[in-house]
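As a plain string of letters, each chain reads:
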Amino acid sequence: FIVKLAAICIEINSVDPELKNFLKDYLVSDTTPDFSITINEDEILAEREATSDKQFSLTYLETLATLRKLAEILPSYNRILMHGASISYHGQAYLFTAPSGTGKSTHIRLWKKYLGDDVKIVNGDKPFISLDGEPSIYGSPWAGKENWHRNCCMPLKGICFVQRGTANSIRRIEASECLSLLFKQVYLPADTLAAGLTLELVDTLIKNVPLYVLTCDMSEEAVKCSFEALTGLSYK
């Protein structure tokens, strides 16, 4: 079967037929793929060995193996995989990233709560970012436990590194400060050439997308703080 992810058409040869159902929102037909990947049982077993929970289903493990293989190839197409939760507001996308459990999903849930239908989910966990022209972000089915995702593309207008705190503040950061934060959240391929391309793409990202550190709690004031800095608009 063929899927379209981050505007790239990919033929996928899977072990488990359920993988096609996992990717159902991204299926396409009557098109020529840009490249093909084949997932084998050894790659699935390697994902099992890499997890702490050995009870994961075959389908889940194959989704991980598929994502890893895609993330190794997509830098050749000026795309990177990044860990984070992304939303859009009036057609402009923003990415909130942090180590798992820090509160990025909570923060985008608060945007939805206080800003309503003007806020749309892009992806809840692992979106793709394109740096082929204007930086843009794509939804993907690798969307975290909430399974928040849409098959969409939005211009990426800001990235926030989220930190927990008792007071709400946000500040823009420069390249020297953001590199270590970024590389904790961007997938760095094992392949040397792909890794080098990823470094170049991250450099492009830094030069073209504003980056911020957001310290926040779980209040409406936290939404106001990030909203005004990211959008340049007054909150309500």
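Residues numbered from 1 in each chain as written. Predicted model: local features only at pLDDT ≥ 70, side-chain atom pairs only at ≥ 80, totals over all residues. Heavy atoms only, no water.

Q: Hey, could you run me through the environment of threonine 231 in this one?
A: One can find threonine 231 in helix 7 (residues 220–231). Separated by 61 residues in sequence, threonine 231 and isoleucine 170 have C-alpha atoms that sit 13 Å apart. Filtering out sequence-adjacent residues up to four positions away, threonine 231 remains in contact with Tyr89, Tyr94 and Trp111. A distance of 2.7 Å separates a polar side-chain atom of threonine 231 from the backbone oxygen of phenylalanine 227. (Helix = DSSP H or I, 4+ residues; strand = E, 2+ residues; numbered from the N terminus. Contact = heavy atoms within 4.5 Å. Polar contact = N/O pair within 3.5 Å; in protein donor to acceptor, adjacent residues only side chain to side chain.)

Q: Honestly, the sheet that holds strand 4 (residues 35–38) in this entry has me stumped. Any pointers?
A: By definition, the strands of a sheet pair up through backbone hydrogen bonds, in either a parallel or an antiparallel sense. Within the open sheet, the four strands sit side by side as 3-1-2-4. Their pairing is mixed. Looking at which strands have only one partner, the edges of the open sheet turn out to be strand 3 (27–28) and strand 4. Along the sheet, helix 3 (residues 58–73) makes contact with strand 1 (2–5), strand 2 (8–13) and strand 4, crossing strand 4 at roughly 145°. (Pairing = 2+ DSSP bridges. Axes fitted to C-alpha atoms, helices over the stretch in contact; angles between N-to-C directions.)

Q: I would appreciate a short explanation of the packing of aromatic side chains in the present structure.
A: Aromatic ring pairs are defined here through the distance separating the ring centres and the angle between the ring planes. Within this structure, the stated rule accounts for nine aromatic pairs. Arranged with centres 4.4 Å apart and planes meeting at 40°, the rings of phenylalanine 56 and tyrosine 60 form a pair that is tilted. Judged by relative accessible area, phenylalanine 56 falls into the partly exposed class, the value being 28%. For tyrosine 60, a relative accessible area of 34% gives the class partly exposed. Through successive ring pairs, a cluster of aromatic residues spans Tyr89, Tyr94, Phe96, Trp111, Phe227 and Tyr235. (Phe/Tyr/Trp six-rings, centres within 6.5 Å; stacked < 30°, edge-to-face > 60°. Buried < 20%, exposed > 50% of the residue type's maximum accessible area, 1.4 Å probe, protein only.)

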